[in-house]
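# Structural characterization, general
Each chain, letter by letter, is given below.
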Amino acid sequence: MARRPAEPVGAAANTNGVVFWPVAVAAVLVDLVTKALAESALGAPGFPHRVLGDVVRFTLVYNPGAAFNLHFGPYSRGIFLALAALVLRVLWGLYRQTADRDNARVLALALLCGGAVGNMIDRVRSAAGVVDWLDVGVGAVRWPTFNVADVAVTAGAVLLFRVLWREERADRATLGAGAAQDAASPSPAPTARIAEAA
């Protein structure tokens, strides 16, 4: 996919940081505060507290692995910390390549970075793993317990997918228009080509 030209982040005309940093920092802070509240108010891990009947519950859980209980035994903490650092580096690279005022893309990257940092902080501060507390489902059919950082990552991923998809469509349309214009341009007459060769 052809990438749109972007001014370097930090250039005087670039305003992406006005969107990126407040959103990313807010995602981290809200995640950390809600996790602290969950640990102080929900009591013993694994005990559900109903909020909207049985559909929405608050249940404190410590997850040493990743989404859907993916884990690598005693190596999970180090592996997921390394993966998180790698993902953040890739996201930072995408941010630096983002054109000025591409707010949708900046918002997506800010949510992704904020969510990743929130869960990364959990892994650094405790071997118990990530603090999850949002419990959604019906009866025994339930989504894996999650947190605000997970919500930010999911929202950011969906938004970034849409942004990249629209960029891809725009690039294809531009290439198609250029090819159509080239095809419609009259080619030089044979005599003209002979004269040019001479």
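Before any of the text, the structure's been laid out above.
To keep things clear, this report deals only with the structure shown in the data block. (Residues numbered from 1 in each chain as written. Predicted model: local features only at pLDDT ≥ 70, side-chain atom pairs only at ≥ 80, totals over all residues. Heavy atoms only, no water.)

### What about the overall build of the protein chain?
- In terms of regular secondary structure, the protein chain is built from five helices and four strands.
- When contacts within the protein chain are restricted to residue pairs at least 6 apart in sequence, those whose partners lie at least 24 apart make up 68%.
- Element-wise, carbon and sulfur atoms account for 69% of the exposed surface of the protein chain, whose accessible area totals about 12,000 Å². (Helix = DSSP H or I, 4+ residues; strand = E, 2+ residues; numbered from the N terminus. Contact = heavy atoms within 4.5 Å. Areas by Shrake-Rupley, 256 points an atom, 1.4 Å probe, with all protein chains shown as cover.)

### Topic: the side chain of Asn-147
- Note on placement: Asn-147 falls in the loop between strand 4 (141-142) and helix 4 (148-184).
- Among the polar contacts made by the side chain of Asn-147, one reaches the main-chain carbonyl oxygen of Val-131 at a distance of 3.0 Å.
- Asn-147 has contacts with Asp-31, Lys-35, Asn-119, Val-130, Val-131, Asp-132, Trp-133 and Leu-134, leaving out every residue within four places of it along the chain. (Polar contact = N/O pair within 3.5 Å; in protein donor to acceptor, adjacent residues only side chain to side chain.)

### Quick word on the sheet that holds strand 4
- Across the sheet, which stays open at both edges, the four strands sit in the order 1-2-3-4 with antiparallel pairing between neighbours. Here the strands that pair on one side only, and so sit at the sheet edges, are strand 1 (48-52) and strand 4.
- Looking at chain direction, strand 2 (residues 56-63) and strand 3 (residues 130-138) are connected through six bridges and run antiparallel. Residue pairing in the sheet places Val-56 in a bridge with Val-136 of strand 3.
- Lying over the sheet, helix 1 (residues 16-41) contacts strand 2 and strand 3, oriented at roughly 80° with respect to strand 3.
- On the sheet, helix 3 (residues 103-125) packs against strand 2 and strand 3 and is oriented at approximately 125° with respect to strand 3. (Pairing = 2+ DSSP bridges. Axes fitted to C-alpha atoms, helices over the stretch in contact; angles between N-to-C directions.)

### Observations concerning the nonpolar core
- Phe-20, Leu-91, Tyr-95, Leu-109, Cys-113 and Leu-160 are the most contacted members of the largest nonpolar core, which totals 13 residues.
- Sorting the residues of this core by element identifies helix 1, helix 2 (76-96) and helix 3 as the ones contributing at least two each.
- No other element matches helix 3, which puts seven residues into this core.
- Ignoring any residue separated from it by four or fewer positions in sequence, one finds Cys-113 in contact with Phe-20, Leu-88 and Leu-91.
- The next biggest cluster of nonpolar side chains, apart from the first, holds eight residues, and it includes Leu-42, Val-131, Trp-133 and Leu-134. (Core = buried A, V, L, I, M, F, W, Y, C linked by side-chain atoms within 4.5 Å. Buried < 20%, exposed > 50% of the residue type's maximum accessible area, 1.4 Å probe, protein only.)

### Observations concerning the packing of aromatic side chains
- Tallied over the entire structure, the rule returns six aromatic pairs.
- Note on Phe-20 and Trp-21: the rings are 5.0 Å apart at their centroids and 90° apart in plane angle, and the pair reads as edge-to-face.
- Judged by its relative accessible area of 3%, Phe-20 falls in the buried class.
- Measuring from centroid to centroid gives 5.9 Å for Trp-21 and Trp-92, while their planes differ by 50°, and the two rings are tilted. Note that Trp-21 is positioned in helix 1 and Trp-92 in helix 2, a separation of 71 residues in sequence.
- Classification of Trp-21 by relative accessible area gives partly exposed; the value is 46%.
- For Trp-92, a relative accessible area of 33% translates into the label partly exposed. (Phe/Tyr/Trp six-rings, centres within 6.5 Å; stacked < 30°, edge-to-face > 60°.)

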